[in-house]
Amino acid sequence: MDTEILHKYLSGTCTEQQRREVENWLQESLENQEKMNELKQVWEVSPGKKIHVDSHQAWDTFSDRHMYNSKKSGNTAFKQE
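This report concerns the structure included in the present document. (Residues numbered from 1 in each chain as written. Predicted model: local features only at pLDDT ≥ 70, side-chain atom pairs only at ≥ 80, totals over all residues. Heavy atoms only, no water.)

1. A few points about the overall build of the protein
When helices and strands are tallied, the protein shows four helices and zero strands. Shown N-terminal to C-terminal, the secondary structure of the protein runs as helices and strands in the order α-α-α-α. Across the 81 residues of the protein, 16% fall into the buried class. Within the protein, residue pairs in contact and separated by at least 24 positions form 30% of the contacts whose partners lie at least 6 positions apart. About 6900 Å² of surface is accessible on the protein, with carbon and sulfur atoms providing 49% of the total. (Helix = DSSP H or I, 4+ residues; strand = E, 2+ residues; numbered from the N terminus. Buried < 20%, exposed > 50% of the residue type's maximum accessible area, 1.4 Å probe, protein only. Contact = heavy atoms within 4.5 Å. Areas by Shrake-Rupley, 256 points an atom, 1.4 Å probe, with all protein chains shown as cover.)

2. Focus: the packing of helix α2 (residues 16-28) against helix α3 (residues 30-43)
In the contact formed by α2 and α3, the axes pass within 5 Å of each other and the chain directions differ by 120 degrees. If you check the angle between α2 and α3, you find them oblique. On α3, the residues that touch Val22, Trp25, Leu26, Gln27 and Glu28 of α2 are Asn32, Gln33, Lys35 and Met36. Classifying every residue of the contact of α2 with α3 by side-chain character gives four nonpolar, three polar and two charged. (Axes fitted to C-alpha atoms, helices over the stretch in contact; angles between N-to-C directions. Parallel < 35°, antiparallel > 145°, perpendicular 65-115°, else oblique. Nonpolar A, V, L, I, M, F, W, Y, C, P; charged D, E, K, R; others polar.)

3. Brief notes about helix α1 (residues 3-11)
Two to three positions downstream of the cap, the backbone nitrogen of Glu4 sits 3.1 Å from a side-chain oxygen, assigning the N-cap of α1 to Asp2. In the stretch just after α1, Gly12 is the one whose phi turns positive, near 80 degrees. (Polar contact = N/O pair within 3.5 Å; in protein donor to acceptor, adjacent residues only side chain to side chain.)

4. Considerations on the nonpolar core
If you look at the biggest cluster of nonpolar residues, it comprises seven residues: Ile5, Leu6, Val22, Trp25, Leu26, Met36 and Leu39. Every element with two or more residues in this core is listed here: α1, α2 and α3. Sorting elements by how many residues they give to this core places α2 first, with three residues. When residues no more than four places from it in sequence are discounted, the contact partners of Met36 are Leu6, Tyr9, Leu10, Val22, Trp25 and Leu26. (Core = buried A, V, L, I, M, F, W, Y, C linked by side-chain atoms within 4.5 Å.)

5. Some words on the pattern of salt bridges
Per the stated rule, a full pass over the model turns up five salt bridges. One salt bridge in this structure joins Glu4 and Lys8, with 3.8 Å as the shortest N-O distance. On the criterion of helical spacing, the pair formed by Glu4 and Lys8 is a turn pair, its members being four residues apart in helix α1. Lys8 sits in the partly exposed class, given a relative accessible area of 29%. Counted as one network, the salt bridges with shared partners bring together Glu16, Arg19, Arg20 and Glu23. (Salt bridge = Lys/Arg side-chain N within 4 Å of Asp/Glu carboxyl O.)

Put into structure tokens, the structure is as follows:
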């Protein structure tokens, strides 16, 4: 799903067709719903509000996802030692 459309959906500026696309995408899987929930959390952070980010956990999450996607696509540029 195009991130720009998701942003428009969250801000209420999407077209009716885009709204239907997002809602259909959300119904396709729990993973899509989780991605939307993550995006909503970021979207709803007030400007200037301080949030704590565990950079080690964020890196672990990123590298786990990257490794998963690399294995699916056959990309071996990122290897775990």
